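The lines below spell out each chain.
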Amino acid sequence: MVMQQTDRIALMIASYTSELDALGAYPEEELVEVIREVGFACTCCGKCCTRAFNDHVFLLEEDAERVLEVDPAALMPAPYFEFCDREGRFYVPGYALRTQEDGRCVFLSAENRCTIYDRRMSICRVYPYMLHREADEDGRVDWRQISGLNLHGEYEREIDADEARGIARAVIAYEKAFLTQEIAFLESLRAYFSANNLRHVQKVYDRQMARFESGEEVEVRVFFRGGFSRTTARCTDYGIVPVPRGKRR
C-alpha cells in the first residue's frame, strides 16, 4: 500500500513536470496569434466571477497572501480533496476564494464590479486566456488557450502585437506558477507523510467524503508557506447541497 501511494504521488509529480516542460517549449507567438484572433473584450457581465460559470478561483500563494491582507475570511480550502490520511484529514494544494450565497465571488459587487480590482487575483488578470493541455469531447489531448469562448464578453477587438505579447507572457507565467505550486505540494506531502508515518487511506477518504457531503464539518490541511495549515470546510462552502448519509446523489 505504501509503495502504491508513493507511486501515485510520483506519477502525479511526473505528469505535472511533463506539463511544465511542454509549457516551456510552447511557442509564445502561437498564443500571441490566438489572443489577437480572439480579440476578447470584457463587458462586465460578471459571469466569469460566479461559481456557476467557473466553479472556483484557485489561488497561487502570492494571491492567498494578498487576500490575507484584505479579508482572511475570504479564503477557503481549494475543492476536490485528493488525499486523506488515517486520521481523516484531507490535503489540498492551496486556497480558493470564497463565494457569496448566490455563488458570486465574495469580492464582486451588486453592480458586477470587482471591489479589489487593483489587487485582483493572478487568474483574474489573465482570464479568459489560459494555456494547458486537456482532453476534448473526443478524448484528444491538446492545448486549451481560452475559456468560455462565445459565452461571455465580446470578440474581435483589435489587439496590437505588443499588447498580445504581454498578455501571452502573463498567461504563461501564471500556468508555470500553478504547475510549480502543484509539484511543490506533492513533494511536500510525500515528505510530510513519510516523516509522520502517514499515508492516504481510501476507506477513510470515502468515509470522510460521505460526512462532508452530508454537511458535516471536516478537517482540511492546506499547502501554504511550505507547510500544511489546518482549517475546516463544509460542503455548503462550495455550493453543494447536503445529502443525508446513506443516500446517493
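Scroll up to find the structure.
Here is a short report on the structure shown in this document. (Residues numbered from 1 in each chain as written. Predicted model: local features only at pLDDT ≥ 70, side-chain atom pairs only at ≥ 80, totals over all residues. Heavy atoms only, no water.)

### Observations concerning the packing of aromatic side chains
At step 1: For the structure on display, the rule yields 17 aromatic pairs.
At step 2: Ring geometry for Phe185 versus Phe223: centroids 6.1 Å apart, planes at 55 degrees, classification tilted. With Phe185 in helix α6 (residues 161–195) and Phe223 in strand β7 (residues 218–224), this residue pair connects regions lying 38 residues apart in the sequence.
At step 3: The buried category is assigned to Phe185, whose relative accessible area is 1%.
At step 4: The class for Phe223 is buried, based on a relative accessible area of 7%.
At step 5: What links up through ring pairs into an aromatic cluster is the set Phe83, Tyr91, Phe185, Tyr192, Phe193, Phe223 and Phe228.
At step 6: Over the aromatic face of Phe83 sits the side chain of Arg8, whose NZ or CZ is 4.3 Å from the ring centroid.
At step 7: Taking the ring centre of Tyr117 as reference, the NZ or CZ of Arg120 above it sits at 3.8 Å. (Phe/Tyr/Trp six-rings, centres within 6.5 Å; stacked < 30°, edge-to-face > 60°. Helix = DSSP H or I, 4+ residues; strand = E, 2+ residues; numbered from the N terminus. Buried < 20%, exposed > 50% of the residue type's maximum accessible area, 1.4 Å probe, protein only. Lys NZ or Arg CZ within 6 Å of the ring centre and 35° of its normal.)

### Describing unusual backbone geometry
At step 1: The omega angle of the peptide bond from Tyr127 to Pro128 is 10 degrees, so this bond is cis rather than trans.
At step 2: The residue Pro128 is located in the loop between α5 (122–126) and β5 (129–135) in this model.
At step 3: Notably, Cys44 is not glycine yet its phi reads approximately 60 degrees, a positive angle.
At step 4: Within the secondary structure layout, Cys44 lies in the loop between α2 (28–38) and α3 (51–54).
At step 5: A residue is classified by how much of its surface remains accessible, and Cys44, at 34% relative accessible area, is partly exposed.
At step 6: We note that Asn112 has phi near 60 degrees; this positive angle belongs to a residue other than glycine.

### Comments concerning the pattern of salt bridges
At step 1: Here the structure, examined in full by the defined rule, presents 18 salt bridges.
At step 2: Close ionic contact of Asp102 with Arg104 constitutes a salt bridge, the shortest N to O distance being 3.6 Å.
At step 3: Exposure remark for Arg104: the relative accessible area of 16% places this residue in the buried category.
At step 4: A salt bridge links Asp162 to Arg165; the shortest N-O distance between them is 3.6 Å. Taken together, the residues Asp162 and Arg165, both in helix α6 and 3 residues apart, mark about one turn of the helix.
At step 5: The exposed category is assigned to Asp162, whose relative accessible area is 63%.
At step 6: By sharing partners, the salt bridges in this structure join Glu28, Glu29, Asp162, Arg165 and Arg169 into a single network. (Salt bridge = Lys/Arg side-chain N within 4 Å of Asp/Glu carboxyl O.)

### Thoughts on helix α7 (residues 202–213)
At step 1: With 12 residues, α7 extends 16 Å between its outermost C-alpha atoms, agreeing within 8% with the 16 Å of an ideal straight helix rising 1.5 Å per residue.
At step 2: Against β2 (83–84), β3 (90–92), β7 and β8 (227–233) lie the buried residues of α7.
At step 3: Remark: Gly215 follows α7 within two positions and exhibits a positive phi of approximately 105 degrees. (Expected span 1.5 Å × (residues − 1). Contact = heavy atoms within 4.5 Å.)

### With respect to a negative patch on the surface
At step 1: Residues Glu30, Glu33, Glu37 and Glu156 make up a contiguous surface patch of negative charge.
At step 2: The residue Glu156 is located in the loop between β6 (141–146) and α6 in this model. (Patch = residues over 30% accessible without salt bridge, like charges linked within 9 Å, V, L, I, M, F, W, Y side chains within 5 Å. Areas by Shrake-Rupley, 256 points an atom, 1.4 Å probe, with all protein chains shown as cover. Lys, Arg positive; Asp, Glu negative; His and termini not counted. Charge placed at Lys NZ, Arg CZ, Asp CG, Glu CD.)

### Comments concerning the sheet that holds β3
At step 1: On the basis of which strands lie adjacent, the open sheet formed by 4 strands has the order β2-β3-β7-β8 and mixed pairing. Where the open sheet ends on each side, the last strands, each with one partner, are β2 and β8.
At step 2: Relative to β3, β2 is paired through 2 bridges, and the arrangement is antiparallel. Along β3, the bridge assignment pairs Cys84 with Phe90. (Pairing = 2+ DSSP bridges.)

### With respect to the nonpolar core
Soluble globular proteins: nonpolar side chains tend toward being buried together.
At step 1: In terms of nonpolar packing, the biggest core is built from 53 residues, with Phe81 and Tyr129 touching the most fellow members.
At step 2: Broken down by element, this core gets its largest block of residues, 7 residues, from α6.
At step 3: Filtering out sequence-adjacent residues up to four positions away, Phe81 remains in contact with Phe90, Val92, Tyr205, Met209, Phe212, Val218, Val220, Ala233 and Tyr238.
At step 4: With 13 residues, the next largest nonpolar core counts Ile13, Phe185, Leu189 and Leu198 among its residues. (Core = buried A, V, L, I, M, F, W, Y, C linked by side-chain atoms within 4.5 Å.)

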